[in-house]
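Here's the letter readout for the chains.
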Amino acid sequence: MGDDMVRLRKLLPAAFVGAVLAYLYAPIAVIVIFSFTTSPRLSMPIEGLTLDWYTSALSNSLISTALRNSLLLASVSALVSGVIGAAFAFGLVALKRPRLRASLLGASMLPAIMPLLVIGIALAVFFRLMHVQQGLLNAAIGHVLVSLPFVVLTMNARLETFDFSVLEAARDLGATPGRVLRDITLPLIRPSIIGAALLAAALSLDEFVVTWFNIGSQLTVPVLVWGLMRRGIDPSINAIATMLLALLVCLVAASALLNRKKSK
Amino acid sequence: MTQTAVEIEGVRKRFGAATALEKVDLNVGTGEFLSLLGSSGCGKSTLLRIISGFEQPTEGSVRIHGTDVTRQPPERRPTNMVFQRGALFPHMSVRENIAYSLKLKRWERSRINDRVDEMLALVRLEGFADREPGKLSGGQAQRVALARALAGEPRVLLLDEPLSALDLKLRQQMQLELRAIQKRLGATFIFVTHDQTEALVMSDRIAIMNNGRIVQHGTPRDIYRRPNSVFVSDFIGATNLLRGTITAVEGKRVVLRTDSGTFHALASDMAVKRGERAALSVRPEAISLRRDPGATPEGYSVAGLVDEIIYQGNTVRVGVRAASGAAIWIEGRGDDFDGLSSGTAVVLSWAPDAAILLREDTE
Ligand SMILES: Nc1ncnc2c1ncn2[C@@H]1O[C@H](COP(=O)(O)OP(=O)(O)O)[C@@H](O)[C@H]1O
Ligand SMILES: [Mg+2]
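Residues numbered from 1 in each chain as written. Chains lettered and ligands numbered in written order. Predicted model: local features only at pLDDT ≥ 70, side-chain atom pairs only at ≥ 80, totals over all residues. Heavy atoms only, no water.

A. Local environment of the overall build of chain A. Helix and strand counts for chain A stand at 11 helices and 0 strands. Across chain A, helices and strands are ordered from the amino to the carboxyl terminus as α-α-α-α-α-α-α-α-α-α-α. Relative to a compact globule of 264 residues, whose C-alpha radius of gyration would be 18 Å, chain A shows 23 Å and is clearly more extended. Classification of the 264 residues of chain A by burial places 38% in the buried group. Partitioning the contacts of chain A with sequence separation of at least 6, the portion at a separation of at least 24 is 72%. Total accessible area on chain A stands at roughly 15,200 Å², and carbon and sulfur atoms take up 72% of it. Measuring between centres, the 21 positive side-chain charges of chain A sit 7 Å from its 12 negative side-chain charges. (Helix = DSSP H or I, 4+ residues; strand = E, 2+ residues; numbered from the N terminus. Rg over C-alpha atoms; globule rule 2.2 N^0.38 Å. Buried < 20%, exposed > 50% of the residue type's maximum accessible area, 1.4 Å probe, protein only. Contact = heavy atoms within 4.5 Å. Areas by Shrake-Rupley, 256 points an atom, 1.4 Å probe, with all protein chains shown as cover. Lys, Arg positive; Asp, Glu negative; His and termini not counted. Charge placed at Lys NZ, Arg CZ, Asp CG, Glu CD.)

Here's what the structure looks like:
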């Protein structure tokens, strides 16, 4: 009796952890699994495995257009957010006045906690006032806005441990400010910039709310999937979601890896 | 001192409302090892950064070998710096670090390699050329930093507490090495430290800083033997200060009345007046201790009871409490004080020229 109690007490935490993990990952696992099953309906047991949903998804011209737009937006976000965010964070960390630094960092973080709905609507209204047609460009501007705070945040965290005296050492040894940037600064922070840029790409790939309000009649993968879902669950949606998932996991993992590297 | 390497004239530096340097004048001779010594925050690094070009003085000028460099950026100045924590380029090997300034000067590759090897030999790190800086110990990293700074043959080498992050044994060893390298090269070194022993051991000359000013400069011996203020005598080495009022001036001889008694001292080149406040500084090792009251030299002795005996290995420190309650420390070899114990009545005395009269610092 007492032994059973002890065993139960040991099992309970494990069961709890298992339940939480199942809650977090079961829906995703289901989608991944059903993207490979032959039955068009979501049913158990699994009848057979196939890659048909992937071929049908990739041969669908709507889907390939959406994929192309999504990748374009992700690239623009990575590039623009990466460069602006890195430069901004570098400037922040070099500031000598800690109060000013903290408030500027806070100000650049604020959009990250602002509801996406508010950002999406505000941008849409703003573009309307400026007489700018909805479209990909508007969505791109929205994506940069949404990812920039995260780029600043990760760059800032990395740069907190950056030893600025190496830049002075290079100046002291005869390097002009331009040479210092080329020989020392960029090589040292490049992994962090690329890591932050990959994060921006990941954020852009699955952005929906801000995109929806600003992209007009154009499609991205999330916008298309949302449209398809209104007509019922098509197994090719599972395939699209799984591909998106794989891409995001790669981007986020690469980003984390690059940021961990050299952060000693 | 044949030629002046660095001339600092009337340099003042303000950061906003705060003043870091207050009208500093200093000359450093060619081939001289000069230490800037002072406690943290007194402006040592600021002065060094003004010489290297990282800070602009609010007023005043810096000349190096006769050329006014006050407005030159750091990369144009004939100075190099060794930073407190090395500041090695982490993405370059030891060789690339040392070669960096030579590459910027567009030296030929073979000449650069020869020079790097020469520098590695100088700091005794042959065989470390291909190491990453992250895989060096603290002492090795500082040696590489030194080699990197010396590679381009700067006319003046600036060192900002380069040894302060090392532990004591290594620090003492590096002090001697650094001094030997400086002598071998005949280079001009300006060395910042807050450690008075370090400054005494290494320097040709020491400039002592306090609150953004140079309060005294001279050879280590001069400064130790002839401090010009209570601050300096207290800062350099341990000392006993007997504070009081001047009651008589008889030629060179001054009589000072303190709580612990009346003492005599020589006013060397200091103009003093009756009634002025002053202090007498007597070094612990200049005081001798006797147990019999016998004939005590009037004006150069004080009686008291042994309070504390502290063994320091090769030396012993004895704290004696005078009748006034003032504690006076003396220091000597261990066997000088055999048989003493707490409460023993003793008489302390010193030679007339061991007592240095100092004016109280006026803030
Ligand atoms: N960049 C700066 N901005 C504001 N104050 C500074 C700056 N650099 C130094 N100070 C101030 O100037 C004074 C002297 O500093 P520093 O030269 O670093 O002293 P030390 O090297 O002797 O410890 C200190 O009070 C310090 O706070
Ligand atoms: Mg300093």
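B. Quick peek at the pairing of strand 14 (residues 277-282) of chain B. Residue and element names in this part refer to chain B. The element strand 14 is largely enclosed, with a buried count of 5 among its 6 residues. Across 6 bridges, strand 11 (residues 240-250) lies against strand 14 in antiparallel orientation. Note that in strand 14 the partner of Gly244 across the bridge is Ala278. Note: strand 14 against strand 20 (residues 355-359), 5 bridges, orientation antiparallel. Bridging across to strand 20, Val282 finds its partner in Ala355. (Pairing = 2+ DSSP bridges.)

C. Spotlight on the site of ligand 1. All residues in the neighbourhood of ligand 1 are listed as A:Lys96, B:Phe15, B:Ala20, B:Ser39, B:Ser40, B:Gly41, B:Cys42, B:Gly43, B:Lys44, B:Ser45 and B:Thr46. Neighbouring residues of ligand 1 are distributed over chains A and B. One nitrogen or oxygen atom from the main chain of B:Cys42 is found 3.2 Å from an oxygen atom belonging to ligand 1. B:Thr46 places a polar side-chain atom, nitrogen or oxygen, 2.5 Å from an oxygen atom of ligand 1. Within the complex, 60% of the 560 Å² of free accessible area of ligand 1 lies under protein. By residue number, the principal contributor to the shell around ligand 1 is helix 1 (residues 44-52) of chain B, which donates 3 residues. Looking at the shell around ligand 1 residue by residue, the class counts come to 3 nonpolar, 6 polar and 2 charged. (Near = heavy atom within 4 Å. Polar contact = N/O pair within 3.5 Å; in protein donor to acceptor, adjacent residues only side chain to side chain. Nonpolar A, V, L, I, M, F, W, Y, C, P; charged D, E, K, R; others polar.)

D. Focus on the side chain of A:Ser236. Topologically, A:Ser236 is positioned in helix 11 (residues 235-260). Each residue touching A:Ser236, except ones within four places of it in the same chain, is listed here: A:Trp53, A:Ser56 and A:Ala57.

E. Just the interface of chain A and chain B, in detail. Each side of the interface is counted separately: chain A has 19 residues, and chain B has 21 residues. In total, chain A and chain B occlude about 1,700 Å² of area from one another, counting both sides; carbon and sulfur atoms represent 62% of this. Linking chain A to chain B there are 2 salt bridges. A salt bridge links B:Glu75 to A:Arg171; the shortest N-O distance between them is 2.6 Å. Counting across the interface, chain A meets chain B through 6 residue pairs in polar contact (both at pLDDT 80 or more). Within the residue set of the side of chain A that touches chain B, elements represented by two or more residues are helix 7 (165-172) and helix 8 (177-205) of chain A. Element by element, the count of residues in the side of chain A that touches chain B is highest for helix 7 of chain A, at 7 residues. Looking at side-chain class alone, the side of chain A that touches chain B contains 9 nonpolar, 3 polar and 7 charged residues. (Buried area = accessible area lost by both parts, 1.4 Å probe. Salt bridge = Lys/Arg side-chain N within 4 Å of Asp/Glu carboxyl O.)

F. Looking closely at the sheet that holds strand 15 (residues 287-290) of chain B. All names here are of chain B. Strands sit in the order 15-19-16-17-18 across an open sheet of 5 strands; the sheet is antiparallel. A strand with exactly one partner marks an edge of an open sheet, and here the two such strands are strand 15 and strand 18 (327-333). Going across the sheet, the axis of each strand differs from the next one's by a mean of 45°, ignoring polarity. (Axes fitted to C-alpha atoms, helices over the stretch in contact; angles between N-to-C directions.)

G. Looking closely at the nonpolar core. Residues A:Ile184, B:Leu36, B:Phe89, B:Tyr100 and B:Ile190 are the most contacted members of the largest nonpolar core, which totals 54 residues. Residue contributions to this core peak at 7 residues, all from helix 8 of chain A. When residues no more than four places from it in sequence are discounted, the contact partners of B:Phe89 are A:Val166, A:Ala169, A:Ala170, A:Leu173, A:Ile184, B:Asn97, B:Tyr100, B:Pro133 and B:Arg148. Counting 36 residues, the second-largest nonpolar core is a separate cluster that includes B:Phe128, B:Ala129, B:Leu157 and B:Ala187. (Core = buried A, V, L, I, M, F, W, Y, C linked by side-chain atoms within 4.5 Å.)

H. Broad picture of the pairing of strand 10 (residues 213-218) of chain B. Residues and elements named next belong to chain B. In the sheet, strand 9 (residues 205-210) pairs with strand 10 via 5 bridges, with the strands oriented antiparallel. Within strand 10, the residue paired with Asn210 across the bridge is Arg213. Where strand 9 folds back on strand 10, the antiparallel hairpin that results is connected by 2 residues, among which Asn211 adopts a positive phi of roughly 50°.

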